[in-house]
Amino acid sequence: MTRTSYYEARLPLAEEPLDLMARLVRSGLFAPYVVYENGSEWSLAGGALTSVRLAGHEAADLSRVGERLAQAPVADWRAYGWAAFELGPVLAGTTPGGPDTLLHLIVPEDEIRASANGLLVRSVDPARLDLLIQLVQAPGDTGAEPADRIPLPLEDTGQYRAAVAAALVELQGDGPLEKVILSRQVPVPAAVDLTATYVAGRRANTPARSFLLNLGRIQATGFSPETVAEVAPDGTVTTRPLAGTRARTGSAVEDARLRTDLLSDPKEIHEHAISVKLALEDLAAVCDATVVSEYMTVQQRGTVQHLASTLTGRLRAGHGPWDAFAALFPAVTATGIPKAAAYPLIRSLEGRPRGLYAGAVLTCDATGALDAALVLRSLFQHNGRCWLQAGAGVVSQSWPEREHEETCEKLRSIAHRLVPVAQPPQTDVRLSTDS
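Residues numbered from 1 in each chain as written. Predicted model: local features only at pLDDT ≥ 70, side-chain atom pairs only at ≥ 80, totals over all residues. Heavy atoms only, no water.

**Student:** Please provide a residue-by-residue account of the side chain of Lys410, values included.
**Tutor:** As for its placement among the helices and strands, Lys410 is situated in helix α11 (residues 400-415). On the accessibility criterion, Lys410 (10% relative accessible area) is buried. When neighbours within four sequence positions are excluded, Lys410 is seen to be in contact with Thr245, Thr303, Val304, His306, Arg377, Ala390, Gly391 and Ala392. (Helix = DSSP H or I, 4+ residues; strand = E, 2+ residues; numbered from the N terminus. Buried < 20%, exposed > 50% of the residue type's maximum accessible area, 1.4 Å probe, protein only. Contact = heavy atoms within 4.5 Å.)

If you want it as structure tokens, here you go:
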């Protein structure tokens, strides 16, 4: 196999990474593309030097992903992409019952990374690198953020409360199910400016990760509250489940009261505890030295606050990052307990595949690092449809009205930030005749 190399340039960072990423996407130079914020680093991947797609039952063996990426034309690759929720049932050995493609990754032709150390600009084409350098050094757009927003009622017009009631029958029966996360969709009735919505939403949110992508006929932007899996090159694996929710109101006094209520609510504590237990079991399937390093703290994520824990372990010999991802995906906090029992109930009560919702947007690289963000608090566009989606964890102590309210609390993280596509200016066209 013939390998090539990235041509690289290191430059100072002269504008806010969020503004830079939005400006790069708006340039129209990148297709497909993925923007991914991981802590202090923001990255844009553009074009596909090589890609990996898995569909159907072939996705049951994620070792194929590592094998294919190892054949990338560049040695120091980083791949970007997504995994659909329906990859979970395949990993569990059941029928996919979802989108054709379950995992889609690209190793980009162009890559721009922004961090506290400055900018790294890479391309496999030296002429293209010169163009990218000119682009990132061009004056930034200092225009005001669009003021218009798309009004979106969040009250459920479907059967969400009835679905929760049906789930409670299962949870209070003799079966193994202890928890299930049920979600609902909210259609967006107007054309959305995805990039402007990303900027507006990121400025208003406090995510663990954020993303903006156009890859594999799916466009999406989101503000992920938690990671499914973080794998370091040394084999350390971290997962950070969130379960248990109260609103954030903007009032410090009221938010403190809700925080106290959250920390003392038996239903929320039970929901969190059983989620952490299963996440620890998933981690232990591929790791030694597993530990809960933080337990039941409170994390603020946009318009909500969650009970949060952090779990870590060390990959056992013979295991790699994709083993960790397969063990932890989908996140227990977006599926149920046990996962295998939750899958058919989710499908029957929600009535359609989830696709990217509750799946992951992720990066991985040649060092063995992998970072996968849980896809929640997101906007989706696919096949001419645009929608939001949010869910709530249902346990035997749940009641339908509260779970519906929780979906509204989560939806507000993005529903109030939807920027419409700008209408072209109207021109006054007058017909005249010469005498």
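That covers the picture; the talk isn't over yet.
**Student:** An account of the packing of aromatic side chains is needed here, citing residue identities and associated values.
**Tutor:** Ring pairs (aromatic) are described by centroid distance and by the angle formed between their planes. This model, assessed by the stated rule, comprises 6 aromatic pairs. Ring plane angle 10 degrees and centroid distance 6.0 Å describe the contact between Tyr198 and Phe223, whose orientation is recorded as stacked. Of this pair, Tyr198 sits in helix α6 (residues 194-204) while Phe223 sits in strand β11 (residues 218-224), and the two are 25 residues apart along the sequence. Where Tyr357 meets Phe380, the ring centres are 6.4 Å apart and the plane angle is 80 degrees; that geometry is what we call edge-to-face. Here Phe380 lies in strand β20 (residues 378-382) and Tyr357 lies in the loop between α10 (339-350) and β18 (360-365), a separation of 23 residues in the sequence. Look at Phe380 and you get buried, because its relative accessible area is 2%. (Phe/Tyr/Trp six-rings, centres within 6.5 Å; stacked < 30°, edge-to-face > 60°.)

**Student:** Before we move on, can you summarise the environment of Thr221 with the specific residues and values?
**Tutor:** Among the secondary structure elements, Thr221 is positioned in strand β11. Judged by relative accessible area, which is 0%, Thr221 ranks as buried. Expressed as a C-alpha distance, the spacing of Thr221 and Val199, which sit 22 residues apart in the sequence, is 9.8 Å. Leaving out residues up to four positions away in the same chain, Thr221 has contacts with Leu194, Thr197, Tyr198, Phe211, Leu212, Arg377, Ser378, Leu379 and Ile414. A distance of 2.9 Å separates the side chain of Thr221 from the backbone oxygen of Phe211, its partner in a polar contact. (Polar contact = N/O pair within 3.5 Å; in protein donor to acceptor, adjacent residues only side chain to side chain.)

**Student:** So what's going on with the packing of helix α5 (residues 160-171) against α11? Which residues, and what values?
**Tutor:** With their axes 9 Å apart at the nearest point, α5 and α11 run at an angle of 125 degrees to one another. Our classification of the angle between α5 and α11 gives oblique. Judged by the sense of rotation from one axis to the other, the crossing of α5 with α11 is right-handed. Contacts from Tyr160, Arg161, Val164, Ala165 and Leu168 in α5 reach Pro400, Glu401, Glu403, His404 and Thr407 in α11. (Axes fitted to C-alpha atoms, helices over the stretch in contact; angles between N-to-C directions. Parallel < 35°, antiparallel > 145°, perpendicular 65-115°, else oblique. Left-handed = near helix turned anticlockwise from the far one by under 90°.)

**Student:** Let's hear about the sheet that holds strand β17 (residues 336-337): which residues, and what values?
**Tutor:** Spatially, 11 strands are ordered β1-β8-β7-β3-β2-β10-β11-β20-β21-β9-β17 in an open sheet, and the strand pairing comes out antiparallel. The open sheet has two edge strands, β1 (7-11) and β17, and neither has a second partner. Both strand β10 (residues 209-215) and β11 contribute to a ladder of 7 bridges, which runs antiparallel. Counted as the bridge partner of Arg209 is Ser224 from β11. Contacts from helix α1 (residues 17-26) reach β2 (33-38), β3 (41-46), β7 (110-115), β8 (118-123) and β10 within the one sheet, and its direction differs from that of β3 by about 10 degrees. Lying over the sheet, helix α4 (residues 126-137) contacts β1, β7 and β8, oriented at roughly 150 degrees with respect to β8. (Pairing = 2+ DSSP bridges.)

**Student:** Summarise the packing of α1 against α6; cite the residues concerned and give the values.
**Tutor:** Following both chains from N to C, one finds α1 and α6 inclined at 170 degrees, their axes separated by 10 Å at the closest point. Considering the angle they form, α1 stands roughly antiparallel to α6. Counted together, Leu18, Asp19, Ala22, Val25 and Arg26 of α1 and Thr195, Ala196, Tyr198, Val199, Arg202 and Arg203 of α6 form the full contact between these two elements. Within the contact of α1 with α6, the residues separate by chemical class into 6 nonpolar, 1 polar and 4 charged. (Nonpolar A, V, L, I, M, F, W, Y, C, P; charged D, E, K, R; others polar.)

**Student:** Mind laying out α1, listing which residues take part and the relevant values?
**Tutor:** Within α1, 8 of the 10 residues are buried, leaving the element largely enclosed by the surrounding structure. Listing the buried residues of α1 in full gives Pro17, Leu18, Leu20, Met21, Ala22, Arg23, Leu24 and Val25. Note on α1: the residue one or two positions beyond its end, Gly28, has a positive phi of about 75 degrees.

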